[in-house]
Amino acid sequence: NEKDTSSSSSSLPNPNDSSPTPNPMDDQHDDRFNYALLLALYTLQGIPMGLSASIPFLIQQKVQMIASSAAQHAAAAAAAGGSETIAAVTADVAAAHHSHSLADLTKIAYNAQAIFALCSWPFSLKLLWAPIVDACFSKRFGRRKSWLVPIQLIAGALMVGGSDYVEQELGLDSVGSSSEMNVRGVTFFFFTLYFLMATQDIAVDGWALTMLSKKNRGKGPICNSIGQNIGYFLSYVGFLALNDVDSSENLWRPMLGMKSKPGVGLVSLGGFVKFMGTFMLVITVLISLFKKEVDMSIEGGDMCTVGVCDGSSGSRSNNDMETLLPKKKQQQEEDEDDDDELDAYEIGIAETYRRLWAVVKLPAVQSLILILLTYRLPCALSDNVKFLKAVEFGLSKQTTALLSPTIVLPLGIMVPIIGTKIWKGHPLKQFMWAYKFRVTFVALIDVLMLLATRSFLGSGSIMGGEGTSKAIFWALLILSTAFQATVFSLQFNSQMTFFAHRVDPAIGGSYMTLLNTFANLGGTWPSSFIMYLIGQYTVPPTCSVGDDGAEVCTGGRDAYFPLQMVLSGLGIVWICVMSKRVQHVSELPDDAWRTHIGESEDGEEEMQEYKKGGKHA
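Residues numbered from 1 in each chain as written. Predicted model: local features only at pLDDT ≥ 70, side-chain atom pairs only at ≥ 80, totals over all residues. Heavy atoms only, no water.

Participant: Would you mind going over the overall build of the protein chain with me for this structure?
Facilitator: The helix and strand tally for the protein chain stands at 22 helices and four strands. Within the protein chain, residue pairs in contact and separated by at least 24 positions form 82% of the contacts whose partners lie at least 6 positions apart. Entry remark: accessible area of the protein chain is about 28500 Å², with carbon and sulfur atoms responsible for 61%. (Helix = DSSP H or I, 4+ residues; strand = E, 2+ residues; numbered from the N terminus. Contact = heavy atoms within 4.5 Å. Areas by Shrake-Rupley, 256 points an atom, 1.4 Å probe, with all protein chains shown as cover.)

Shown next, in the form of structure tokens:
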């Protein structure tokens with residue numbers, strides 16, 4: 001029998017041995033390597049996410065470069081006139097052209113953001129192919145490694161080979177024109193990466209269940225959260241900080257003793273993507289060579305179970321990790337967890353999809369899906385546009401990047417712990433309190449922060465002197481970031497807690513994936529929609545070039561602020577209409593969330609009775 005290399009074969013207990021049960025600390029010690037491996041795998045998963053989070057800022061930077069170039073050309077054309085009359089005519093023509101360019105660039109910028117927001121959809125749709133990943137594998141190579149290793153090799157090779165392509169498609173090496181920015185190509189590149197990482201996530205989540213001892217399996221999601229955050233911050237914060245021109249010139253190059261290169265970041269997008277792809281390839285090769293997976297003990301070589309596994313063929317010749325435990329300890333753990341989760345391999349792909357469809361048809365789940373798909377729309381501006389708008393108003397990419405590890409990450413760790421103690425046993429009360437705060441007070445702070453950013457970084461004065469304006473600006477920026485991180489963490493934590501307490505244990509993993517799929521969709525679809533609205537309803541100012549060559553702009557309308565008022569109103573309406581539904585969902589008994597399929601021969605009839613109202617939740 002094979003097992004994880006984190007434990008030597010000599011340490012395997014004999015089921016027939018009457019010796020005392022091993023010290024539980026031994027299991028803790030044995031899993032330390034497995035924790036490290038899971039952290040590494042989830043870190044790899046977070047790298048493409050962090051890279052994709054930096055792309056919207058690069059798109060904004062490209063558009064600002066084009067706008068700045070257009071303004072300089074307009075001023076130069078006006079100054080080049082041979083007489084006052086010619087200069088005036090030239091200035092009018094240049095100003096008209098510049099105004100038209102600004103209108104086009106505004107739409108181009110946010111339309112590009114709307115298109116690129118589509119790249120994260122695979123994580124919202126991974127349920128569609130999750131049963132296939134669970135049921136099809138090669139026993140010779142390992143059930144999870146059959147997917148993990150080739151997926152990560154493909155992703156790493158794509159990042160190494162496509163690094164220059166991404167930079168060229170964004171046109172970052174020159175100012176050029178908007179036509180040189182192919183956002184669709186970059187979106188397809190990251191869409192493919194997200195698809196590969198979503199598939200990797202399915203395999204790693206499943207591997208964590210057999211890699212860790214049963215008593216430590218609850219720590220798998222912790223490894224997920226920590227690892228993804230490490231990968232995300234490493235690639236997002238790391239890239240934006242090292243790519244920032246001012247930081248590279250004033251901090252990184254002097255620190256590293258490198259020659260001065262004004263106007264050039266320490267790393268380029270292509271170089272950073274290539275480095276991260278190489279890192280992924282190295283880790284994957286090491287895992288494939290030195291980490292052995294727990295033997296799934298399937299007779300034969302390759303497996304792809306479509307129908308129900310009845311034990312007549314492809315049966316298990318021995319068992320997985322938990323059956324290697326002493327009988328006494330194994331029996332205790334089985335008593336503690338009577339509801340064993342059915343595996344996609346055991347029941348087959350077709351049966352897994354059938355059971356998931358039965359879950360979707362439950363009235364309780366349908367109510368929850370409606371909530372999950374609608375509540376994020378009123379928060380879409382804060383979630384997707386706020387910091388892009390702040391960068392447009394002059395906030396540096398470096399400052400935006402540093403807000404994440406200094407404010408967002410610590411609050412993401414502390415807030416769920418505090419929230420659980422305050423609203424213990426009532427996750428949806430925590431959810432609704434945070435939501436009310438999110439669509440009203442947080443939205444107001446966001447608007448004030450953006451007004452302060454535009455005023456302070458644009459004109460250098462807000463409500464008094466420079467010192468006062470600087471203090472107000474930083475206070476509002478920190479408060480906006482902290483409040484948004486707080487309410488997001490409260491809602492996410494309450495959401496996951498509610499899911500964990502309501503899912504049917506018989507199909508717990510697939511059930512959780514189903515609910516998380518709709519939760520992800522609820523945050524994904526408003527992103528592209530709100531970016532499109534910003535681009536369509538923003539009217540750039542009318543600009544003209546004076547006799548002194550200075551640009552004067554008047555009028556215009558920024559769609560962010562009126563849209564925020566509309567969305568906050570929509571959020572209040574959502575609270576009035578949906579709060580009773582949320583309360584109803586929170587009070588439903590456990591039986592309302594279970595399909596009861598497979599519990600008896602009459603399981604299907606029970607399901608039909610429940611749907612017709614035979615069972616009242």
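Participant: Just checking my understanding: could you explain the packing of aromatic side chains for this structure?
Facilitator: Each aromatic ring pair is characterised by the separation of its centres together with the angle its planes make. Applying the stated criterion across every chain yields a total of 23 aromatic pairs. A centroid spacing of 5.7 Å and a plane angle of 80° characterise the contact between Phe116 and Phe190, whose relative ring orientation is edge-to-face. Of the two residues, Phe116 sits in helix H3 (residues 84–116) while Phe190 sits in helix H7 (residues 183–211), which places them 74 residues apart along the sequence. With respect to class, Phe116 is no different from Phe190; both count as buried. Between the aromatic rings of Phe498 and Trp593, the centroid separation amounts to 5.6 Å while the plane-to-plane angle is 80°, which identifies the pairing as edge-to-face. In this pair, Phe498 is assigned in helix H19 (residues 466–502) and Trp593 in the loop between helix H21 (560–587) and helix H22 (603–611), connecting sequence segments 95 residues apart. Each of the two residues, Phe498 as well as Trp593, counts as buried. Grouped by ring-pair contacts, the aromatic residues Trp423, Trp433, Phe437, Phe441 and Phe483 constitute a single cluster. A cation over an aromatic ring shows up here: Lys145 above the ring of Phe141, its NZ or CZ 5.1 Å from the ring centre. (Phe/Tyr/Trp six-rings, centres within 6.5 Å; stacked < 30°, edge-to-face > 60°. Buried < 20%, exposed > 50% of the residue type's maximum accessible area, 1.4 Å probe, protein only. Lys NZ or Arg CZ within 6 Å of the ring centre and 35° of its normal.)

Participant: What is the right way to read the packing of helix H6 (residues 145–170) against H7 from this model?
Facilitator: Helices that pack against each other are described as a pair by the angle of their axes relative to one another and the distance between those axes. In the contact formed by H6 and H7, the axes pass within 9 Å of each other and the chain directions differ by 160°. Here H6 lies roughly antiparallel to H7, going by the angle between them. The hand of the H6/H7 crossing is left-handed. Of the residues that constitute the contact of H6 with H7, the class distribution is 19 nonpolar, six polar and two charged. (Axes fitted to C-alpha atoms, helices over the stretch in contact; angles between N-to-C directions. Parallel < 35°, antiparallel > 145°, perpendicular 65-115°, else oblique. Left-handed = near helix turned anticlockwise from the far one by under 90°. Nonpolar A, V, L, I, M, F, W, Y, C, P; charged D, E, K, R; others polar.)

Participant: Honestly, the pattern of salt bridges in this entry has me stumped. Any pointers?
Facilitator: Charged atoms that come close allow side chains of opposite charge to pair. If you walk through the whole model with that rule in mind, you get nine salt bridges. One salt bridge in this structure joins Arg253 and Glu249, with 3.4 Å as the shortest N-O distance. Of this pair, Arg253 and Glu249 both sit in helix H9 (residues 245–256), four residues apart, which is roughly one turn of that helix. No difference in accessibility class separates Arg253 from Glu249, as the two residues are buried. Between Arg355 and Glu351 there is a salt bridge whose closest N-O contact spans 2.8 Å. (Salt bridge = Lys/Arg side-chain N within 4 Å of Asp/Glu carboxyl O.)

Participant: It is not clear to me how H7 should be interpreted in this structure. Could you clarify?
Facilitator: For an α-helix the count is 3.6 residues per turn, leaving residues at separations of three or four pointing the same way. Under the 1.5 Å per step criterion, the end-to-end length of H7 is 40 Å for 29 residues, consistent within 8% with the ideal 42 Å. A large share of H7 lies buried, amounting to 22 of its 29 residues. (Expected span 1.5 Å × (residues − 1).)

Participant: What is the right way to read the environment of Leu411 from this model?
Facilitator: Along the chain, Leu411 turns up in helix H17 (residues 397–422). Leu411 sits 73 residues away from Gln484 along the chain, and the two C-alpha atoms are 10.0 Å apart.

Participant: Would you mind going over a nonpolar patch on the surface with me for this structure?
Facilitator: A grouping of Leu153, Val282, Val285, Leu286, Leu289 and Phe290 is seen on the molecular surface, where their side chains present a nonpolar patch of about 550 Å² in accessible area. For the nonpolar patch, the leading source of residues is helix H10 (residues 269–290), giving five residues. Mapping Leu153 onto the fold places it in helix H6. Looking at Leu153, the relative accessible area reads 33%, which means it is partly exposed. (Patch = residues over 30% accessible without salt bridge, like charges linked within 9 Å, V, L, I, M, F, W, Y side chains within 5 Å.)

Participant: Explain the packing of H6 against H10 here, please?
Facilitator: Where H6 contacts H10, the axes come no closer than 8 Å and their chain directions differ by 170°. Relative to H10, the element H6 is oriented roughly antiparallel. Read as a crossing pair, H6 and H10 show a hand that is left-handed.

Participant: What's the story with the nonpolar core in this structure? I'm lost.
Facilitator: A general tendency of soluble globular proteins is for nonpolar side chains to be buried together. Counting 103 residues, the largest nonpolar core has Ile55, Leu170, Phe190 and Leu269 as the members making the most contacts within it. The greatest single-element share of this core, amounting to 16 residues, is contributed by helix H2 (residues 32–79). Setting aside chain neighbours within four positions, we find Phe190 in contact with Pro48, Leu51, Ser52, Ile55, Phe116, Cys119 and Val166. Counting 36 residues, the second largest nonpolar core, distinct from the first, contains Phe431, Val503, Tyr511 and Leu588. (Core = buried A, V, L, I, M, F, W, Y, C linked by side-chain atoms within 4.5 Å.)

Participant: What exactly am I supposed to notice about H6 here?
Facilitator: Its 26 residues give H6 an end-to-end C-alpha distance of 35 Å, which sits within 8% of 38 Å, the value for a rise of 1.5 Å per residue. At Gly162, H6 shows its largest kink, close to 55°. (Bend = angle between axes of the 7 residues up to and from the residue.)

Participant: How should the confidence of the model for the protein chain be read in this particular structure?
Facilitator: In low-pLDDT segments, the atomic positions of the prediction should not be examined closely. Of all residues in the protein chain, 71% attain a pLDDT of 70 or more, and the chain-wide mean is 76. For residues 613–617, every residue scores under 50 in pLDDT, and the model assigns this stretch ten contacts once sequence neighbours within four places are set aside. (pLDDT = per-residue confidence, 0-100.)

Participant: So what exactly am I meant to see when it comes to the environment of Ala350 here?
Facilitator: With respect to the helices, strands and loops of the structure, Ala350 is situated in helix H13 (residues 349–360). Look at Ala350 and you get partly exposed, because its relative accessible area is 46%.

Participant: Looking at this structure, how should I read the side chain of Arg253?
Facilitator: Among the residues examined, Arg253 registers a relative accessible area of 3% and is labelled buried. From its side chain, Arg253 meets the backbone oxygen of Val264 in a polar contact 2.9 Å long. (Polar contact = N/O pair within 3.5 Å; in protein donor to acceptor, adjacent residues only side chain to side chain.)

Participant: Can you walk me through the environment of Ala198 in this structure?
Facilitator: The topology assignment puts Ala198 in helix H7. Residue classification places Ala198 among the buried residues on the basis of a relative accessible area of 0%. Sequence separation between Ala198 and Leu127 is 71 residues, and the spatial gap between their C-alpha atoms is 9.5 Å. Sequence-distant contacts of Ala198, defined by excluding residues within four places in its chain, comprise Pro122, Phe123, Lys126 and Trp129.

Participant: Would you explain the side chain of Gln200 in this entry?
Facilitator: Along the chain, Gln200 falls in helix H7. In this structure Gln200 comes out as buried when scored by relative accessible area, which is 0%. At 2.8 Å, the side chain of Gln200 forms a polar contact with the side chain of Gln45. Aside from chain neighbours lying at most four places away, what touches Gln200 is Leu41, Leu44, Gln45, Leu148, Ile151 and Gln152.

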